[in-house]
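What follows is the residue order along each chain.
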Amino acid sequence: QVQLVESGGGLVQAGGSLRLSCAASGHTFNDYVVGWLRQAPGKEREFVAAISWRKSTYYNNSVKGRFTISRENAKNTVYLQMNSLTPEDTAVYYCAARLRSLSSSVSEYAYWGQGTRVTVSS
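Residues numbered from 1 in each chain as written. Predicted model: local features only at pLDDT ≥ 70, side-chain atom pairs only at ≥ 80, totals over all residues. Heavy atoms only, no water.

Asks: Can you walk me through the overall build of the protein chain in this structure?
Replies: Helix and strand counts for the protein chain stand at zero helices and 11 strands. In the protein chain, the order of α-helices and β-strands from amino to carboxyl end is β-β-β-β-β-β-β-β-β-β-β. Relative to its length of 122 residues, the protein chain is compact, with a C-alpha radius of gyration of 13 Å against a globular reference of 14 Å. Referenced to the eigenvectors of the C-alpha coordinate spread, the extents of the protein chain come out at roughly 40 × 25 × 25 Å. Within the protein chain, the fraction of its 122 residues that count as buried is 45%. (Helix = DSSP H or I, 4+ residues; strand = E, 2+ residues; numbered from the N terminus. Rg over C-alpha atoms; globule rule 2.2 N^0.38 Å. Buried < 20%, exposed > 50% of the residue type's maximum accessible area, 1.4 Å probe, protein only.)

Asks: Looking at this structure, I do not really get the packing of aromatic side chains. What am I missing?
Replies: Geometrically, a pair of aromatic rings is defined through the distance of the ring centres and the angle of the planes. All told, the structure shown has three aromatic pairs when counted by the stated rule. Considering the side-chain rings of F47 and Y58, the 5.3 Å spacing of their centres and the 40° angle between planes classify their relative orientation as tilted. Here F47 is found in strand 5 (residues 46-51), whereas its partner Y58 is found in strand 6 (residues 57-59), with 11 residues between them in sequence. What makes Y58 partly exposed here is its relative accessible area of 37%. Ring plane angle 75° and centroid distance 6.0 Å describe the contact between Y94 and W112, whose orientation is recorded as edge-to-face. Taken as a pair, Y94 in strand 9 (residues 91-99) and W112 in strand 10 (residues 111-112) lie far apart in primary sequence, 18 residues in all. The exposure class of Y94 is buried, given its relative accessible area of 13%. Residue classification places W112 among the partly exposed residues on the basis of a relative accessible area of 28%. Sitting over the face of the ring of Y94, R45 holds its NZ or CZ atom 3.9 Å from the ring centroid. Across the ring face of F29, the terminal group of R71 is positioned such that the distance to the ring centre comes to 4.3 Å. (Phe/Tyr/Trp six-rings, centres within 6.5 Å; stacked < 30°, edge-to-face > 60°. Lys NZ or Arg CZ within 6 Å of the ring centre and 35° of its normal.)

Next up, the structure:
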């Protein structure tokens, strides 16, 4: 089992940037695909991006070109660099992990952090 802790959320103006971090502990970090998923007020949780231990990546089309996911396996940490933020990006962002392949399916992520809130003002 792997434990995940997010950090880096906050309030930012539209057009600004934030970098989220996800620190993992427990099971061998390299075994896991790590994803970022988000839930906006009144909406269902949705996939944002994911990265494999080999650093293959997969993005939701709505963030492609604006967000970058990366990982430092030696530090057991995954990052989400978010640029050109818009109010539509306002949500609680969760780090989550699963074994095996990249996936955009929320239900396929077995381990979750507690979330970090991102608010983008217009």
